[in-house]
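For reference, the chains in residue letters:
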Amino acid sequence: MDATSYILHVLQPEILAVIAMGTLGGIIIGALPGLTATMGVALLIPMTFGMDPVEGLSMLIGIYVGGIYGGCISSILIKTPGTPASAATVLDGYPMAQKGEAGKALGMATIASAAGGLFSALVLATLAPQLANIALRFGPAEYFALALFGLTIIASLSGDLLKGAIAGMLGVLVSCVGADPISGASRYTFGFTGFAAGFAFTPALIGLFAVSEVFVQLEHIFDDRVKTMKVSGVWPTLADLRESTGALVRGSLIGTIIGIVPGVGSGTASWISYNETRRASKTPEKFGTGYAPGIAATESANNAVCGGALVPLLALGLPGDVVTAVLMGGLMIQGLAPGPLLFQDHPEVVVGLFTSNFIANIFMFVFGMAGIAYFSKILLVPKKILTIAIALFCFIGSYAINLNVVDLYTMLGFGVVGYVMQKFNFSQAALCIALILGPMAESNLRLGLLNVDNDVIKFCSGPITLTFLLLTPLSLAWPIWQQRRAKQKAARAAASGGASS
Amino acid sequence: MRRFAFAALCLSALAVSTSAFAADYPARPVQVIVPYNAGGGTDLAARVLAQSLEKYLGGTVIVRNQPGGGGSIGTSATLHAKPDGYTIGTGSQGPLVMLPNYGGIDYGIQDVDFLALMGRNLMVIAANKDAPYNNAKEFLAYAKAHPGEVTVGNSGAGGANHVATEGLAMEANVKLKPMPFGGSAAAVTAALGGHIQSVIAHPPELINHVKAGNLKPIMVLEEKRIADFPDTMTAKEAGTDFTWAAWKGIVAPKGLPADVRAKLVDALDKTFHDADFLKKMKDMGEDIDYRKSDGYKALAMKDAATAEKVTRAIGLYGMNAKK
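Residues numbered from 1 in each chain as written. Chains lettered and ligands numbered in written order. Predicted model: local features only at pLDDT ≥ 70, side-chain atom pairs only at ≥ 80, totals over all residues. Heavy atoms only, no water.

**What about the pattern of salt bridges?**
For step 1, the next point in the chain: Under the defined criterion, the tally for this structure stands at 24 salt bridges over all chains.
For step 2, the next point in the chain: Its salt-bridge partner being Arg 28 of chain B, residue Asp 84 of chain B comes within 3.4 Å of it at the nearest N-O pair. One end of the pair, Asp 84 of chain B, is in the loop between helix H3 (72-79) and strand S3 (87-92); the other, Arg 28 of chain B, is in the loop between helix H1 (2-23) and strand S1 (30-34), with 56 residues separating them in the sequence.
For step 3, the next point in the chain: Among the residues examined, Asp 84 of chain B registers a relative accessible area of 6% and is labelled buried.
For step 4, the next point in the chain: For Arg 291 of chain B, the salt bridge goes to Asp 289 of chain B, with nearest N and O atoms at 3.2 Å.
For step 5, the next point in the chain: A relative accessible area of 21% places Asp 289 of chain B in the partly exposed class.
For step 6, the next point in the chain: Taken together, the salt bridges that share partners define one network made up of Asp 180, Arg 187, Glu 442 and Arg 446 of chain A. (Salt bridge = Lys/Arg side-chain N within 4 Å of Asp/Glu carboxyl O. Helix = DSSP H or I, 4+ residues; strand = E, 2+ residues; numbered from the N terminus. Buried < 20%, exposed > 50% of the residue type's maximum accessible area, 1.4 Å probe, protein only.)

**Points about the domain arrangement of chain B**
Residue and element names in this part refer to chain B.
For step 1, the next point in the chain: We note that the domain assignment places domain 1 (23-121 + 246-313) and domain 2 (124-220) within chain B.
For step 2, the next point in the chain: Each of domain 1 and domain 2 has a C-alpha centre, and these two points are 28 Å apart.
For step 3, the next point in the chain: Contact with domain 1, which involves 10 residues of that partner, is made by 9 residues of domain 2.
For step 4, the next point in the chain: Between domain 1 and domain 2, the buried area comes to about 760 Å², and carbon and sulfur atoms account for 78% of it.
For step 5, the next point in the chain: For the pair domain 1 and domain 2, the interface holds 0 salt bridges.
For step 6, the next point in the chain: Summed over the shared surface of domain 1 and domain 2, the result is 1 residue pair in polar contact (both at pLDDT 80 or more).
For step 7, the next point in the chain: Of all the secondary structure elements, the ones that give two or more residues to the side of domain 1 that touches domain 2 are helix H4 (93-102) and helix H11 (293-313).
For step 8, the next point in the chain: Here the side of domain 1 that touches domain 2 takes 4 residues from H11, the largest share from any one element.
For step 9, the next point in the chain: Tallied by class, residues from the side of domain 1 that touches domain 2 come to 5 nonpolar, 4 polar and 1 charged. (Domains from an automatic or database assignment. Contact = heavy atoms within 4.5 Å. Buried area = accessible area lost by both parts, 1.4 Å probe. Polar contact = N/O pair within 3.5 Å; in protein donor to acceptor, adjacent residues only side chain to side chain. Nonpolar A, V, L, I, M, F, W, Y, C, P; charged D, E, K, R; others polar.)

Here is the structure:
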């Protein structure tokens, strides 16, 4: 038996059908707010008990890949991130859909997801054992530095620096609610057991983006003008693609690397990719107004995380996020322990999973492109009905995650906060990023300091830590410098314009 | 008098309805509340159990995840459910015997009807391959010579692995440095990468890294050596009489009708003797250690006492209580 026969094993019709089913199911689960790829994989694990290992796990990988992609559909069409991984896609996807280019936005997202997914699949298949060690280089200090660097995104994402900082700080403060990561004591819960673990993230996200938008729509719900949205074709133009090439490459690389680092996740990857793409762009002001490269950056990154996250799982037996932890459970049930020994003892499983990861990405592309015309029909639904339906979905989705009423309070609370922020031009994205990275920064800072007995020099001395810590002030200064330069340019243009007239 | 007659009527109606209820139990699906996320160890075990339990109970058994609050939210839901046998739950060590010590929890161990112990998750301390000790005796000697310098990663603050580390240190009269991570996988990863010296975790989380030579098993917190690590000393052998293991089982709210309880306990007993069930659990790395109601209760009570002693000593007792 050799690699070719292992690959051919996956290409049997039965296995292909299972991957196709998994991917399609994943897309639907991902598109429904509140149902995430994690839940899809977890709930279907018992189905794989009776299957051949490669077959069963291929289905789970299909769900994973499809689920991460599916989140973009609701992000773009109804401003509700289907999964946290697609929160950043709201920034350019939703304005683009509102301009009547929903088809194009979804097309770009599908192409980007496939590009990111296939790139990381290639990396997984060729370099997994070599790259897996990156996962081990990250200790508490490294995670803290990465999170701090990530938080600087807030500065460049929010047009108004002061308002952005306020939104970010609010996010960090809010993320302090819940158990103290080091002592376990409850903080700021006011005695409610329901908040003992802090605000649940997905309901908070649904509230921040979707419920706040419902409130905005409610203001106009009785205006009786019927506004039907136009839905354009599905393919982005050649010019869009050319403009997005840099974003695709950057997103795929950032997504793959962040995927390999355990526990950081696709949400962070897409925010960092969005920010880096914007920074490198010649026209940063177009981001956030419905600009195709913005979608390309986020969607290529979050799908590239899938392949990246499988690297430490298969090569070292280290699950990086909840989905891969669940996948690891699926492997263990089959009597297969991921890790270096898996490559020696069961090459058929390893090569099989590599292959099915490729195939799942191809299916995702095909289903995605074919489905766009149908997904976009949502926008033809009259606004009144759509708004009420979205509100209903927000409730169902937020409750479905933990079956916990407290999550509905969280959702509503964040909905009100999001609405007020929108009214007064505070960046919701800044709050969202702080909610993701705040807890990561806090727990790792404290854990890292505990580890070195509060010796700050020792804490900062690792090469990775040092690199990110040095990049942080640069990343903060960049948008300020850019704004100043833009102002100077405008002033000069005005001066020369005045002189010539 | 009229009031009395009314009350009697109500009571008899209630009696009739409960007995009719019990005779055809289960007339509708039985829910098993898992207080953790779908896809975790307890969830998977509960799902495999549900499949087998259906066969012996003669009705549908569904798993319902109600995570949050370190397991206290779902456990509270189980213990405050109507005691009719249609809502049972998995009862894990953390939410049953640890969390009540910290306060702010609306149930206690006295509210639990222990039905069956499913299994125990053994505790092993393993160290990075470059750590300056190779076995339990060297580990304790090193810790004694370097108080507060030996970092031991665990799955989370106040959890079983954390309390076990502190309990061991108390018993051995050494000072360790417990490092709480967000989950066992993160703690094991940090130990593998050499960011911390050692980690306390369950055998399935460690065994592949030990086989690959990246971690070395140091100490087992059991009475006897265990099959997965036959060459690894127990704490007892190293001169410290301390044992600890996490566990999970099936619990119900107190006050089940006697015949419903009997039927449930009987179906659980048959499930734990089902060869197919046992094989699946073994493949998943779950150590089945079936104990009947009394044995389960005794184990929980013993651990509750130890946990209270340790949490009082390290100052975590009552930290979340309403003041």
